[in-house]
There are 2 protein chains.
Amino acid sequence: MTGAGGQHRLGPQRNAAIDTAVLDATRELLIERGYSGTSIDAIARRAGVGRPAIYRRWPSKAHIVHDAIYPRLTRPEGSGGDVEEDIALLAAGAVELFGSPATRAAVPGLMSETRGDPELHDLLVDQPLAGVRDELRRRLDEAIADGRVRSGIDSDTLLDVIAGTAIFALSVRDVDDQHRLAESLADLLLHGVLAD
Amino acid sequence: MTGAGGQHRLGPQRNAAIDTAVLDATRELLIERGYSGTSIDAIARRAGVGRPAIYRRWPSKAHIVHDAIYPRLTRPEGSGGDVEEDIALLAAGAVELFGSPATRAAVPGLMSETRGDPELHDLLVDQPLAGVRDELRRRLDEAIADGRVRSGIDSDTLLDVIAGTAIFALSVRDVDDQHRLAESLADLLLHGVLAD
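Just so it is clear, the model here is predicted, and its values are computed rather than measured.

Participant: Report on the overall build of chain A, specifying residues and quantitative values.
Facilitator: Along its length, chain A carries 9 helices and 0 strands. In sequence order, chain A lays out its α and β elements as α-α-α-α-α-α-α-α-α. Of all 196 residues assigned to chain A, the portion counted as buried reaches 52%. Relative to all contacts within chain A whose residues are 6 or more apart in sequence, the contacts with residues 24 or more apart total 66%. Accessible surface for chain A amounts to roughly 9,100 Å². Of this, 50% is attributable to carbon and sulfur atoms.

Participant: Outline the relation of the copies chain B and chain A, supporting the account with residue identities and numerical values.
Facilitator: Expressed as a screw transformation, the operator carrying chain B onto chain A has a rotation angle of 180° and an axial translation of 0.0 Å, and the superposed copies differ by an RMSD of 0.0 Å. The symmetry that links the two subunits is that of a two-fold axis. Here 100% of the interface residues in chain B have copies in chain A that are interface residues too; the copies meet face to matching face.

Participant: Run through the confidence of the model for chain A, naming residues and quoting values.
Facilitator: Residue and element names in this part refer to chain A. Chain-level statistics for chain A give a pLDDT mean of 89 and a share of 88% at 70 or above. Summarising per-element confidence for chain A, the mean pLDDT is lowest in helix α7 (residues 118–145) (92) and highest in helix α2 (residues 40–47) (98). Below a pLDDT of 50 lies the segment residues 1–12, which in the model reaches 23 contacts outside its immediate sequence neighbourhood of four places, other chains included.

Participant: Residue-level account of empty space enclosed by the protein, with values.
Facilitator: Counted under the stated rule, the structure contains 2 cavities of 30 Å³ or more. Lining of the largest cavity is provided by Val 161, Leu 185, Leu 188 and Leu 189 of chain A together with Val 161, Leu 185, Leu 188 and Leu 189 of chain B. At the level of elements, α9 (178–191) of chain A together with α9 (178–191) of chain B are the ones that each hand at least two residues to the lining of the largest cavity. Residues belonging to the lining of the largest cavity are distributed by class as follows: 8 nonpolar, no polar and no charged. Every residue along the wall of the second largest cavity is listed here: Met 111, Gly 164, Ile 167 and Phe 168 of chain A together with Met 111, Gly 164, Ile 167 and Phe 168 of chain B. Elements represented by at least two residues in the lining of the second largest cavity include exactly α8 (155–172) of chain A together with α8 (155–173) of chain B.

Participant: Summarise the interface of chain B and chain A; cite the residues concerned and give the values.
Facilitator: Of the residues lining the interface, 50 residues belong to chain B; the matching set on chain A comes to 50 residues. The contact between chain B and chain A buries some 4,400 Å² in all, and 60% of this surface belongs to carbon and sulfur atoms. Remark: the boundary between chain B and chain A carries 10 salt bridges. Between Asp 160 of chain B and Arg 173 of chain A there is a salt bridge; the shortest N-O distance is 2.6 Å. For the pair chain B and chain A, the number of links is 28 residue pairs in polar contact (both at pLDDT 80 or more). At the level of elements, α5 (83–97), α6 (101–115), α7 (118–145), α8 and α9 of chain B are the ones that each hand at least two residues to the side of chain B that touches chain A. Tallied by class, the residues present in the side of chain B that touches chain A amount to 26 nonpolar, 11 polar and 13 charged.

Participant: With reference to specific residues and values, describe the packing of helix α4 (residues 61–69) of chain B against α6 of chain B.
Facilitator: All names here are of chain B. Remark: α4 packs on α6, axes separated minimally by 10 Å, with the N-to-C direction vectors making an angle of 145°. The two elements α4 and α6 cross, and the hand of that crossing is left-handed. Mapping the contact onto sequence places Lys 61, Ala 62, Val 65, His 66 and Ile 69 in α4 and Ala 102, Thr 103, Ala 106, Val 107, Leu 110 and Glu 113 in α6. Per-class residue counts for the contact of α4 with α6 are 7 nonpolar, 2 polar and 2 charged.

Participant: Requested: an account of the packing of aromatic side chains, with residues and values cited.
Facilitator: All names here are of chain A. In the structure shown here, the tally under the stated rule is 2 aromatic pairs over all chains. Ring centres of Tyr 70 and Phe 98 lie 6.1 Å apart, and the angle between their planes is 90°; on these two criteria the pair is classed as edge-to-face. Linking Tyr 70 in the loop between α4 (61–69) and α5 (83–97) with Phe 98 in the loop between α5 and α6 (101–115), this pair joins segments that are 28 residues apart in sequence. Across the ring face of Tyr 35, the terminal group of Lys 61 is positioned such that the distance to the ring centre comes to 4.1 Å.

Participant: Give a detailed account of the side chain of His 121 of chain A, specifying residues and quantitative values.
Facilitator: By the element assignment, His 121 of chain A lies in helix α7. Overall, His 121 of chain A belongs to the buried group, its relative accessible area being 11%. Leaving out residues up to four positions away in the same chain, His 121 of chain A has contacts with Thr 114 and Asp 126 of chain A together with Val 172 of chain B.

Participant: Can you explain the environment of Ser 39 of chain B? Please cite residues and give values.
Facilitator: Residue and element names in this part refer to chain B. With respect to the secondary-structure elements, Ser 39 resides in the loop between α1 (14–33) and α2 (40–47). The class of Ser 39 is partly exposed, set by a relative accessible area of 31%. Sequence separation between Ser 39 and Lys 61 is 22 residues, and the spatial gap between their C-alpha atoms is 7.1 Å.

Participant: Help me get a handle on the environment of Val 83 of chain A, residues and values and all.
Facilitator: Along the chain, Val 83 of chain A falls in helix α5. Taking the relative accessible area as the measure of exposure, Val 83 of chain A reaches 7% and is therefore buried. A sequence separation of 60 residues divides Val 83 of chain A from Ala 143 of chain A, and the C-alpha atoms of the two residues are 6.8 Å apart. Beyond its immediate sequence surroundings of up to four residues, Val 83 of chain A is in contact with Leu 140, Ala 143, Arg 148, Val 149 and Leu 190 of chain A together with Leu 194 of chain B.

Participant: Tell me about α8 of chain A, and name the residues and values.
Facilitator: Residues and elements named next belong to chain A. Taking 1.5 Å of rise per residue, 18 residues should cover 26 Å, and α8 covers 25 Å from first to last C-alpha, within 8% of that figure. Of all 18 residues in α8, 18 are buried, a share of seventy percent or more. Phi turns positive one or two residues past the end of α8, at Asp 174, with a value near 65°.

Rules of the game
- Residues numbered from 1 in each chain as written.
- Chains lettered and ligands numbered in written order.
- Predicted model: local features only at pLDDT ≥ 70, side-chain atom pairs only at ≥ 80, totals over all residues.
- Heavy atoms only, no water.
- Helix = DSSP H or I, 4+ residues; strand = E, 2+ residues; numbered from the N terminus.
- Buried < 20%, exposed > 50% of the residue type's maximum accessible area, 1.4 Å probe, protein only.
- Contact = heavy atoms within 4.5 Å.
- Areas by Shrake-Rupley, 256 points an atom, 1.4 Å probe, with all protein chains shown as cover.
- Least-squares fit on C-alpha atoms with pLDDT ≥ 70 in both.
- pLDDT = per-residue confidence, 0-100.
- 1 Å grid on protein atoms, 1.4 Å probe; cavity = no way out; pocket = protein on both sides within 12 Å on 5 of 7 lines; lining within 4 Å.
- Points joined across faces, edges and corners; volume = space filled by probe spheres on them.
- Nonpolar A, V, L, I, M, F, W, Y, C, P; charged D, E, K, R; others polar.
- Buried area = accessible area lost by both parts, 1.4 Å probe.
- Salt bridge = Lys/Arg side-chain N within 4 Å of Asp/Glu carboxyl O.
- Polar contact = N/O pair within 3.5 Å; in protein donor to acceptor, adjacent residues only side chain to side chain.
- Axes fitted to C-alpha atoms, helices over the stretch in contact; angles between N-to-C directions.
- Left-handed = near helix turned anticlockwise from the far one by under 90°.
- Phe/Tyr/Trp six-rings, centres within 6.5 Å; stacked < 30°, edge-to-face > 60°.
- Lys NZ or Arg CZ within 6 Å of the ring centre and 35° of its normal.
- Expected span 1.5 Å × (residues − 1).

The following block contains the structure:
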C-alpha cells in the first residue's frame, strides 16, 4: 500500500507526495491486475487520493500508466564513436526499459490504447521516441560513412527490431533471463545469423 | 455489413454462415473501433446473430478476435535446404500475418488479454506458435551443423525478433511499405549491421 495519507499531513510536499502515491499505486495494480484491470478508481483508492486530484494531473489512465512505467527517455550519451557499443547499449536499455514487472504487464494494453488515438500516440509514443530515433539515425549514417556499418541499413527498422523484440520477448514469451536476451539480441543485430 | 440473415434462410449452411458472419463482423469492428471498442454485443448486432449463437462457438471476445485475424499456422513448408530463403520467408510471412488492417488494430489488445490469462496464453499464443518454433529450431540446428549459420544463434530469440519487429513496425510505428519492411528485416537478420 502506498497511500498519500490525509492532506493535513502533506503540507508543502503535497503535490510530489500525491504524484508518487498515484504512480506507485499504478505500478502495484498493473502487476496485480494487468492493464485492463487497473482503473482510475482503483488507483485513487490504492493511493488514498480523490479522483479530482488525479484528473488535475493526468487526463486519462493511459497518461498515468505511461508516467508510471517509463522514465523520461533522453538521447543516448556518448559521441557515437563505437557502433558495436552503441547497439549493445540500446539493446540492453530496451530490455531494461521493458523488463520491469509493471512495464511487462502494461505495455500491450498501452500499445492498444495509443493505436486507436492519434493524439495520444503522438504524445506517448512518437514524441518520447523522437530523440532516440534522430540520434540513432545520425550515428548509423556516420558509421556507414566510415565504412563500419553496411550501407542500406535502415535506422527506423533497427529501432523497430530493438523495441519490438524486447516487448515480444518480455511481455509475450515472458523470458526470465534478461541479460541473456539483451546479449543475444545485440549479437544478432551486429553479426546476423549467417556464418562468414 | 455482413449479417447472416434470418435463420430460416440458412438451412444446412447455417453453422458456416454464422461463423463467417461473426468473423467478418469482428474484422470490420476491429478496423472501425479498435480492440477495446469491439464488444461481443456489437459483434452480434453487426453479424445479425444472437449472443447465444456466439457463446456456443467461442467462450470469449479474445477467442473470436483470434479466429478472426489469424489463419491456422502450419509448419513452414520445404526441406530447410536454404536458410537464407527460410528466414526471408519467415520475415515475409510475419509481415503478412500481422499486416492486415484488422490484425494491426487487434494484436496489442489481444497481447494484453493473453498476458493476464495463462490458460488463454497457452491456447492462443503458445500452442499456435509451437509448430513454427520447433521447425525453426530444427532448421537452425541443421544449418549450424552444416556451417552455414553461426553457432550460438538462439532460435527463440530469432522468433521474438521476427514477430516482435513485425508487430511493432505495423501496429505501433504504422509503416506503410510492408514489402520493404520484410526485406529490410530479413537483410538485417541474415547479415547484421556491421560491414565485413
